[in-house]
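Spelled out from the first residue to the last, the chains are:
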Amino acid sequence: MNQLKIGNRSFDVAHHTYVMGILNVTPDSFSDGGKWNEMDAALKHTEEMINDGADIIDVGGESTRPGHVQISDEEEISRVLPVIEAIHSRFDVPVSLDTYKPSVAEAGLTAGADLLNDIWGLKYGWEKERDGWKSPMAAVIAKHDAACCLMHNRDNQDYKDFFEDMRRDLQETIRLAEEAGIRKDGILLDPGVGFGKSYENNLEAIRRCGELQNLGYPVLLGTSRKSVVGLTLDLPSDERVEGTLVTTVYAVAQYCGFVRVHDVKENVRAIKMAEAIRDGKKEK
């Protein structure tokens with residue numbers, strides 16, 4: 001898949017790595033909780049990220065850090081909807097909504113979100129034996145003809161062969177998407193670094209992220225400030241920029257279509273340099 005369509009834009013994911021900027025409108029996210037949950041601050045940060053080169057803004061209303069407390073659908077909707085509407089009306093940039101709940105997705109896509117970023121890969125509220133290949137989240141995405149980023153996740157780390165098990169899990173997610181009628185030029189896959197994985201699993205997911213493109217869809221790598229960086233460098237979340245940049249350069253070398261990051265300017269610059277080295281020429 002060479003072209004990915006999100007909103008009114010087409011992304012050349014076969015030749016360039018794009019940047020998804022993170023906007024957490026939550027009081028308790030692991031890295032930046034409470035910084036952007038006021039509207040003025042959220043819009044100012046959105047403008048900064050766009051000016052720094054962000055290609056998509058990813059709005060999240062519930063922290064998914066380890067040990068997070070799940071909030072109600074109504075509270076999550078009340079956090080994200082005004083921000084999505086404000087960004088949509090003020091800026092010419094695709095908006096992503098980071099949620100795994102179908103009712104929140106329905107509200108956000110109706111409000112103008114262009115992409116649904118689902119940390120459970122269409123499997124929240126889905127039971128294979130009961131539901132067959134019908135996923136509530138997949139139905140919402142297909143109804144709105146939206147793009148989606150589908151992440152690998154598990155509620156355990158019981159792997160026999162980690163990478164092969166992850167690949168099979170993602171194949172299951174892809175089948176849910178295809179059965180629901182989600183358009184093929186709107187699907188991104190995410191290996192889910194930091195979710196349902198050991199430290200060693202996370203390193204392997206990063207190292208082999210490019211191989212997931214063999215499933216037929218572009219890949220997004222999301223490692224920004226995550227524990228795999230902190231554990232490797234023995235650093236707190238606000239000192240993990242350099243470690244994140246290394247993973248971004250690795251994503252470029254593996255031809256990943258997107259990276260999802262907090263520090264947009266630094267990652268945009270790293271991508272430009274890495275692509276120049278990889279391709280032997282400066283980006284036009």
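Quick notes on the rules
Residues numbered from 1 in each chain as written. Predicted model: local features only at pLDDT ≥ 70, side-chain atom pairs only at ≥ 80, totals over all residues. Heavy atoms only, no water. Phe/Tyr/Trp six-rings, centres within 6.5 Å; stacked < 30°, edge-to-face > 60°. Helix = DSSP H or I, 4+ residues; strand = E, 2+ residues; numbered from the N terminus. Buried < 20%, exposed > 50% of the residue type's maximum accessible area, 1.4 Å probe, protein only. Lys NZ or Arg CZ within 6 Å of the ring centre and 35° of its normal. Patch = residues over 30% accessible without salt bridge, like charges linked within 9 Å, V, L, I, M, F, W, Y side chains within 5 Å. Areas by Shrake-Rupley, 256 points an atom, 1.4 Å probe, with all protein chains shown as cover. Salt bridge = Lys/Arg side-chain N within 4 Å of Asp/Glu carboxyl O. Lys, Arg positive; Asp, Glu negative; His and termini not counted. Charge placed at Lys NZ, Arg CZ, Asp CG, Glu CD. Core = buried A, V, L, I, M, F, W, Y, C linked by side-chain atoms within 4.5 Å. Contact = heavy atoms within 4.5 Å.

## Some points on the packing of aromatic side chains
Turning to step 1, where the next piece is worked out: By the definition in use, this model includes six aromatic pairs.
Turning to step 2, where the next piece is worked out: Ring geometry for Y100 and Y124: centres 4.7 Å apart, planes at 75°, overall edge-to-face. Of this pair, Y100 sits in the loop between β5 (95–98) and α3 (102–111) while Y124 sits in the loop between β6 (115–118) and α4 (128–131); the two residues are 24 residues apart in sequence, bridging distant segments of the chain.
Turning to step 3, where the next piece is worked out: For Y124, a relative accessible area of 32% corresponds to the partly exposed category.
Turning to step 4, where the next piece is worked out: Among the aromatic side chains, those forming a connected cluster through ring pairs are F11, Y18 and F258.
Turning to step 5, where the next piece is worked out: Above the ring of F163, the side-chain terminus of R208 is found at 3.9 Å from the ring centroid.
Turning to step 6, where the next piece is worked out: Looking at R278, its charged tip hangs above the ring of Y255, at a distance of 4.1 Å from the centre.

## A closer look at a positive patch on the surface
Turning to step 1, where the next piece is worked out: A contiguous patch of positive charge on the surface is contributed by K265, R269, K272 and K282.
Turning to step 2, where the next piece is worked out: Mapped onto the fold, K272 is located in helix α10 (residues 264–279).

## Section: the nonpolar core
Looking at soluble globular proteins, one finds that nonpolar side chains tend to be buried together.
Turning to step 1, where the next piece is worked out: L23, V59, I87 and L122 are the most contacted members of the largest nonpolar core, which totals 66 residues.
Turning to step 2, where the next piece is worked out: Top element by residues in this core is helix α6 (residues 162–180). It accounts for seven residues.
Turning to step 3, where the next piece is worked out: Those residues in contact with L122, other than ones at most four positions away along the chain, are S135, M137, A138, I141, L150, T173, L176, A177 and I182.
Turning to step 4, where the next piece is worked out: Counting residues in hydrophobic clusters, the runner-up holds 13 residues, among them V13, Y18, I56 and A147.

Remember that the coordinates give geometry; whether it matters functionally is a separate question.
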